[in-house]
Amino acid sequence: MTSTLSSESSNPESIFLASLPAIDRAVAFIAHRHALADSDAEEFSAWVRAKLIEDGYRVFREFRGQSSLSTYLASVVAFLFRDYRNSRWGRWRPSAIAKRLGPIGIRFETLVYRDGHSAREAAELLKIAGAAEPEIRLIAKRIPPRTITREVSFDAAAEGTPATGGADDGVTALEAGREAARAAELIRAALGELPPEDQVIVRMRFWDDFSVADIARALGLEQKRLYRRLEAIQASLGAALIARGVTQGRVAELLSRDGTE
Amino acid sequence: MSEDRIDPETLAAFLDGRLSPAERARVLKIVAEDPEGYDLLADATRLKAELETDAGRTMRPMVGKRATGWRWWLVALPAAIAAGLAAVALWPKTDGEFSPVELAARVRVVGAAGEGSLAARLGPTWDQPGWSVSRGEGEDVIEPARAFRLGVRATDVEIALGAGDTVALRPVAAELAELAAGVDGGAAAAALYRGIVARGPSTPLAERAEAAAAVRSLMADSPWFDLGAWTEAARVALAAGEDGFVRRSGREVRRLIERLVARRDGEAVAALLRELEQARANDQLAVLQNRLDRIIVAAAR
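Owing to the predicted nature of the structure, the values given are computational and were not obtained by experimental measurement.

What counts and how
Residues numbered from 1 in each chain as written. Chains lettered and ligands numbered in written order. Predicted model: local features only at pLDDT ≥ 70, side-chain atom pairs only at ≥ 80, totals over all residues. Helix = DSSP H or I, 4+ residues; strand = E, 2+ residues; numbered from the N terminus. Buried ≥ 20, exposed ≤ 12 C-beta atoms within 10 Å, placed from the backbone. Contact = placed C-beta atoms within 7 Å. pLDDT = per-residue confidence, 0-100. Core = buried A, V, L, I, M, F, W, Y, C linked by C-beta atoms within 7 Å. Expected span 1.5 Å × (residues − 1). Arc of directions from axis to C-beta.

Colleague: Sorry, what's going on with the overall build of chain B here?
Modeller: For chain B, the helix and strand inventory stands at 14 helices and zero strands. Mapped in sequence order, the helices and strands of chain B form the string α-α-α-α-α-α-α-α-α-α-α-α-α-α. Per-residue burial over chain B gives 52% buried out of 301 residues. Restricting the contact set of chain B to residue pairs at least 6 apart, pairs at least 24 apart contribute 69%.

What follows is the structure, given as structure tokens:
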């Protein structure tokens, strides 16, 4: 890709046209990562192209060269997805648990808690799309209960107690939801005491499944030192949670890479 | 640009490591405090990595392909989402993606950790990847088979430790120690692993990573070691019915191919890896399994 994106070209349209394969690839990757349905993925792709062409290719005209063009495009597509998602679905975000369960988990949670389908309907839709029933059942048990209006990015990261009876079990779901909210608050408080970079490292590692190598690359850190730093952060976070009355076993759960039982 | 917002180019410059320290600190503060800011960082990071991979990537485009539906999305569940396994992977070398500690952390095959858990889950021959083990063979194994087997066993040690299975740990660590001891200067690495066996799952991750690094260095950072580490993780994952690991390993497989084709003795296995990669990209798990078995046989002898 770098050979076709010549920084020598000052014509924004030329840069856009040369960048199209990379743009399409980025769009497809984002659509896959966020488990967009085919129709949504197509719409998003068209929307991105329109935005990039908008106002005389403003996105490319305003590029100052502070980064590589490739990274700039990656960042632009990420921002465009945020805008698209906010315009379509408001503040909805999949929970950390759903993200770790993969595209089917994200899709199930989205169908039930964003789009208002019952768990049974969501399962049927997923089966039609090709998902296997045993997987769907397992996922349904692990997706934590939530309300549609709830802001989720960090709350959901600590939702470590899925409803045992599935999304339709009202009493169990209510208790699980309360427990998850308590855990979320504890995590948020403990996390907030860490320096900003440590907070970002924790989120990338424990709730977004980045490898240590990826985190080191993204944040410009030395990989070797990052391992020890992660251990220290984990110990510090664990101590902060214990100081707040969380049992050691529960600390281990909350800090596990899956955060689920 | 306001104090509490970032624009796309600033985020891009952050990821390229081109911001001043003050500007970098500002971005980190925003990303740490704002959920949306963090999501942007996470997405942009993955996109950057995606756009930097080889042009030969075979990911199927989603746009305009109505027929594919969800098939491409079907990724097996992470193996055994188990409680209490805070898996912070450690690997002090540059090729973190082939760290046995990191690879094993992605392959969690048991629900309840403990002695015998691996055999209970995978069968009593879980640690027999396809070559026969005989006593005293430590000195007779030639390169690159030795490097390959060391990689395999380093991953097995980590899988056993992650499963809390000291019964499984002992024989794989013993074989690893024997293989290492058969190399000049390998006595120290062998001793490290004997220490790991003695302490079991309570061995700090940093020490486990150092032991794995020591063995890898013994093999001069051989791609055969990395191949062994990766194929074993893949083999165990598939044995546990979890194909997500292999589905997500495209970049690692391509790296291995690159490194092996550069070696005269690597061409045959590189060819098998290409077939494996094609099977992986086309979701042909049966073919993939077959190629994996053949790679193990070819590389371990």
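Colleague: Explain the environment of R121(B) to me, please; I cannot follow it from the model alone.
Modeller: Residues and elements named next belong to chain B. Along the polypeptide, R121 turns up in helix α5 (residues 117-122). Residues R121 and V110, spaced 11 residues apart in sequence, show a C-alpha to C-alpha distance of 6.5 Å. Beyond its immediate chain neighbours, meaning those up to four positions away, R121 contacts V109, V110 and A240.

Colleague: Before we go on, may I ask you to explain the confidence of the model for chain A in this structure?
Modeller: Caution applies to low-pLDDT parts of the model: their predicted coordinates are not meant to be read in detail. All names here are of chain A. For chain A, per-residue confidence averages 78 on the pLDDT scale, and residues scoring 70 or more make up 78% of the total. Looking over chain A, one finds the lowest element-wise mean pLDDT in helix α12 (residues 248-255), namely 68, and the highest in helix α3 (residues 69-89), namely 94. For residues 257-261, every residue scores under 50 in pLDDT, and the model assigns this stretch 22 contacts once sequence neighbours within four places are set aside.

Colleague: Would you mind showing me how to read the nonpolar core here?
Modeller: One broad trend across soluble globular proteins is that nonpolar side chains are buried collectively. Counting residues in each nonpolar core, the largest one holds 158 residues, and the members touching the most others are A26(A), V77(A) and Y193(B). Looking at this core, the element that brings in the most residues is α3(A), giving 10 residues.

Colleague: Can you walk me through the confidence of the model for chain B in this structure?
Modeller: Residue and element names in this part refer to chain B. Scored by pLDDT, chain B has a mean of 78; 80% of the residues are at 70 or more. Taken element by element, the predicted model of chain B shows its lowest mean pLDDT in helix α11 (residues 244-247) (80) and its highest in helix α1 (residues 8-15) (96). Of the regions scoring below 50 in pLDDT, residues 54-95 engages in 114 contacts with residues more than four places distant in sequence or in other chains. For this predicted complex, the interface score ipTM comes out at 0.78, alongside a pTM of 0.54.

Colleague: Is there a simple way to explain helix α11 (residues 223-243) of chain A in this structure?
Modeller: What sets the pattern is the α-helix's 3.6 residues per turn: residues three or four places apart point alike. Residues and elements named next belong to chain A. For α11, spanning 21 residues, the distance from its first C-alpha to its last is 30 Å, which sits close to the expected 30 Å at 1.5 Å a residue. Among the residues making up α11, those that are buried are Q223, L226, Y227, L230, I233, L237 and L241. The buried residues of α11 occupy an angular sector of 125° when projected down its axis, which confines them to one face. For α11, exposure combined with an orientation more than 90 degrees from the buried face picks out R225, A232, A235, A239 and A243. G245 sits one or two positions beyond α11 and adopts a positive phi of about 90°.

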